[in-house]
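Spelled out, the chains give:
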Amino acid sequence: MTRPTVIRAAGAGVLVLAAALFPLVFTNPTVTNFGVVTLIFVVVTSAWNIFSGYSGYLSLGHAVFYGTGAYFLVVAAKDWNLSGATIFWLVPLAGLAAAVIAVPVGLVALRVRRHTFVVITIAFFFIAQLSASNLSVTGGSSGLLVPVPNWAPATYNNPFYYLALIIAVATVALSWQVRRSRFGLQLRAIRDDEDRAAGLGVRAMPVKLTALVLSAFITGMAGALWVYFIGEAFPQFVFDPLFDLAVVLMAFFGGLGTLAGPVLGALILEPAQLWLNLQQSNGYESEILFGALFLVVILFLPRGVLPTAAEYARAWNAWWLRRKSGSPRVVAEADSAGTSVRGSVS
Amino acid sequence: MANEIAQAIAAGILGGGIYALMAAGLTLIFGVLDIINVAQGILVVLGAYLSYVLSVHLHIDLLVGLLITVPAMFVIGVAIYWLFIRPLRGAERTSMTLLACFAVALIIEGVLYREFGSNYVSLTAWYTTSSVHIFGFYLPDIYLIGFGLAVLAITALYLILYRTTFGRAVRATMQNQTAARLIGIDVNRVSAVTFGIGTAVTAIGGMVYGAISGGFTPNSGYDLISRLLAIVILAGMGSIGGALVAAVFMTTAEALVDIWQPEWSVAVFYLAMVIILTVRPAGLFGRRAARAQ
Amino acid sequence: MTATLRAEGVTKSFGGVQALAGCSLTVPAGSISGLIGPNGSGKTTLFNVMTGYERIDSGQVYLGDRQITGAPPHRVFALGVGRTFQLTRIFPRLTVLENMLVPAQHGRSARQHREHAMELLAFTGIAGHAGALAGTLSYGQRKLLELAYVLVADPAVVLLDEPAGGVNPSLIHHIADRIRELNKAGRTFLIVEHNMEFVMGLCHQLTVLDSGAVVASGPPETVRSDPRVLDAYLGTGTDGDD
């Protein structure tokens, strides 16, 4: 392995370890609550990135998968009379339900041009919200309550936290694996020039659909975990347009289509949002701030904080090398062949 | 029963007129700038609130108030374009502009919440509660007024597009931006004015919506934009005439379904959209290639 | 490894504009054939139709004995026909090496795939940039990259659309040499070009298109002095793209 990869792996390891120890150090339930929600956002943002970041098809309807997973868990828990820790076994099943939904959604939505696709995902989002509000199986607009386990309040959050952490680590690992694989290469080629890729033998629809299904599976699991954590499922909360936008913002902020970008975006922005919500009791302040932050990122940091920072680092590095060697121009290139593992800039 | 159906159809067609106007604005913006203004929904709500303020606090009649709100929304539209959309460039431009519109929509929604809270308000005037009695059923006056306004506005749009030099420039830009630039058209100016026109129609849409809807809040923007998007997708992006037809069709269908299943009536919009997408991804009248980009 | 590419009576219109009118052309196996003609004569359209990027109105296209009329691009590619584009189409956000790995390859393990890709990069001369993002390459380097990745799947027939367009003279020689080498090894080439020197020195036979129809065809010397060819270039001289 090359040095940068070792450093990155070590960094990731430290991060995971810190995350694992987090609830043991900060035992305050409010803090661990933040932790659970933040981790869920890490999961969803990375999952979203696996599809939208790598393929370039921005989905603003991922809440559909999130909500499918959530409602699946609630309904299944009720119907099969489960309670306590056994309900956690429903989480992967919920992911599967979301993955199944992703197939028809993808088959319809992925046949159109990129920005029509975004609009269609928005429409699907509203379809889902409408369905949840009106179908009796989902409890209509009054929602459903989840059978909440009666664990000790002091450590109540911990099982959720650790499950979220496991899923987060698995998701990032999957994202890394996708990126290195031929499948990921095809996805990214589709992002750059879909027609050209198709002309070279890349089967666009199966590739895009697979990415969507993977992304949906993970997002569904996150939704299920979240709804169990919160204890209730209302259509307005489960299908919340702000949720989708938050995920997009985090991915953009951290760096769309990169490996670490979505994780960092979520780790920075979600606690910030939660903290802001504590300070202000008005929903609209956060909405305005959120929209403003989004505009700032789009206008000034279109590639995200991480890649922009990486670029500055590279430019600085090149400048420094030039000064050191005294030669007029040294082009700082990435490593030579064999290391397409370089994750930083897509 | 036949009476109910006839009434629904009439209400649908008349109501469709105003949706057609708003969808036309959306299509115009898409045709010229190649962006989907997802803020259109909240802009309609903003227009409604502007009418509300003029009507309730300044006691200006709703129709008269349009003389103020239409130019005001035009200016707001141009400002949005100039500040947040024009600077965006690069390969990801289409996605970025869409997200920028979303962000602007959020900010507007937040500001509206701050100023007006989440209580339902509606627009009233002496003509919003009366109706005419025709062929045995009642047609609310405001529906007729709304339809009339929509027809006026769409005619004005048509005249602008096809009878003025500016309109020619707009149509040229719609066909080929590069070529338009080459023959001396200031694409930026055309884009800004087009965006302004696209949002100016929301002032009219807002006033009618505010009077018809029976109550709106800042949250109403979502319902509006979801319908508008469904209309535009059904029609096929880029076809104004198609948007008009699709709008009237959808609202009429909704009004009919409303007779039997009110909660699901808006699903008509989505159902039609999904059906069209599976059969003909370009939409009923879409001119662009259906190939995925 | 090689095959004959044939177009017969190909017709294609765009709205009111007839781009190709009954165009017929044969590229003998193992040859380097050139396709020339004034701007707007339909050269790139013919390429597009033959490789499935545009739908044909009427006519047939054959690869060897097999009819490939109307086959979609990935099918044409899978059958062994590669093509480049006038305005280079590479994947800017992938590295040069990754660009090479996109085309589907059969019968090679991942490592062999990579080695083969590096060989081709070395052959075209841009191996040193293997790790750089393709978007950072200069125009000439992109042309070389396009040439390289078209070859990754070992196509029997290679269609090059203006390989020398906008490229500096020394690089043009380099490209011409590479084409000759590949041809000696058995690959068939059909090249669209405006650079007469390049075409005359390289091609075994030329076909001249004007306004969508074949005006002349044969060895370079014959074509060069054909009065119809001179007329096509000097006569109507239309503007616009192919």
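Higher on the page you've got the structure.
Just so you know, the residues in each chain are numbered from 1, in the order the chain's sequence is written. As they are written, the chains are lettered A onward and the ligands numbered 1 onward, keeping that order. Under the rules for a predicted model, residues below a pLDDT of 70 receive no local features and side-chain atom pairs below 80 are neither given nor counted, while totals for whole chains, interfaces and linings still include all residues.

## Things to note about the overall build of chain A
Okay, step 1: What counts as a helix is a DSSP run of H or I of at least four residues, what counts as a strand is a run of E of at least two, and both are numbered from the N terminus. Helices and strands together make up the secondary structure of chain A, namely 13 helices and two strands.
Okay, step 2: A burial count over chain A gives 52% of its 346 residues as buried.
Okay, step 3: Partitioning the intrachain contacts of chain A with sequence separation of at least 6 by distance along the chain shows that 79% fall at a separation of at least 24. We call a residue exposed when 12 or fewer other C-beta atoms sit within 10 Å of its C-beta, buried when the count reaches 20 or more, and partly exposed for counts in between; the C-beta positions come from the backbone. Placing C-beta atoms from the backbone, we regard two residues as in contact once those atoms come within 7 Å.

## Section: the interface of chain C and chain A
Okay, step 1: Taken together, the contact pairs 21 residues of chain C with 21 residues of chain A.
Okay, step 2: Among the elements of the structure, helix H2 (73-78) and helix H3 (96-101) of chain C are those that each provide at least two residues to the side of chain C that touches chain A.
Okay, step 3: Broken down by element, the residue count for the side of chain C that touches chain A peaks at four residues, all from H2(C).
Okay, step 4: Following the grouping adopted for this structure description, the nonpolar residues are Ala, Val, Leu, Ile, Met, Phe, Trp, Tyr, Cys and Pro, the charged ones are Asp, Glu, Lys and Arg, and the polar ones are all others, Gly among them. Residue classes in the side of chain C that touches chain A are distributed as 15 nonpolar, three polar and three charged.

## Looking at the sheet that holds strand E3 (residues 32-36) of chain C
Residue and element names in this part refer to chain C.
Okay, step 1: Read from one edge to the other, the open sheet built from six strands follows the order E6-E7-E8-E3-E9-E10, with strand pairing classed as mixed. One side of each edge strand has no neighbouring strand; the edge strands of this open sheet are strand E6 (81-83) and strand E10 (213-218). Sheet twist, expressed as the average angle between the axes of neighbouring strands with direction ignored, equals 15°.
Okay, step 2: Pairing between two strands requires that DSSP report at least two bridges joining them. Where E3 and strand E8 (residues 188-192) come together, four bridges link them in parallel fashion. Across the sheet, the residue bridging to isoleucine 32 is phenylalanine 189, located in E8. As a rule, the C-alpha atoms of each element are fitted with a line to give its axis, helices using only the stretch in contact, and angles between N-to-C directions run from 0 to 180 degrees.

## Concerning the interface of chain B and chain A
Okay, step 1: With 41 residues of chain B at the contact, the number on the chain A side is 35 residues.
Okay, step 2: Elements that contribute at least two residues to the side of chain B that touches chain A include exactly helix H4 (93-116), helix H9 (220-235) and helix H11 (267-279) of chain B.
Okay, step 3: No other element matches the 16 residues that H4(B) contributes to the side of chain B that touches chain A.
Okay, step 4: The class makeup of the residues in the side of chain B that touches chain A is 30 nonpolar, seven polar and four charged.

## Focus: the packing of helix H2 (residues 29-55) of chain A against helix H10 (residues 241-254) of chain A
Residues and elements named next belong to chain A.
Okay, step 1: Axis separation between H2 and H10 bottoms out at 9 Å; the angle between their running directions is 75°. Overall, the two elements H2 and H10 adopt an arrangement that is roughly perpendicular. In this structure, H2 contributes Phe41, Val44, Thr45, Trp48, Asn49 and Gly53 to the contact, and H10 contributes Val247, Met250 and Ala251.
Okay, step 2: Among the residues making up the contact of H2 with H10, the classes are represented as six nonpolar, three polar and no charged. Angular relationships are summarised with four words: roughly parallel below 35 degrees, roughly antiparallel beyond 145, roughly perpendicular across 65 to 115, and oblique for the angles in between.

## Some details on the environment of Arg323(A)
Okay, step 1: With respect to the helices, strands and loops of the structure, Arg323(A) is situated in helix H13 (residues 305-325).
Okay, step 2: In this structure the C-alpha to C-alpha distance between Arg323(A) and Asp192(A), which are 131 residues apart in sequence, comes to 35 Å.

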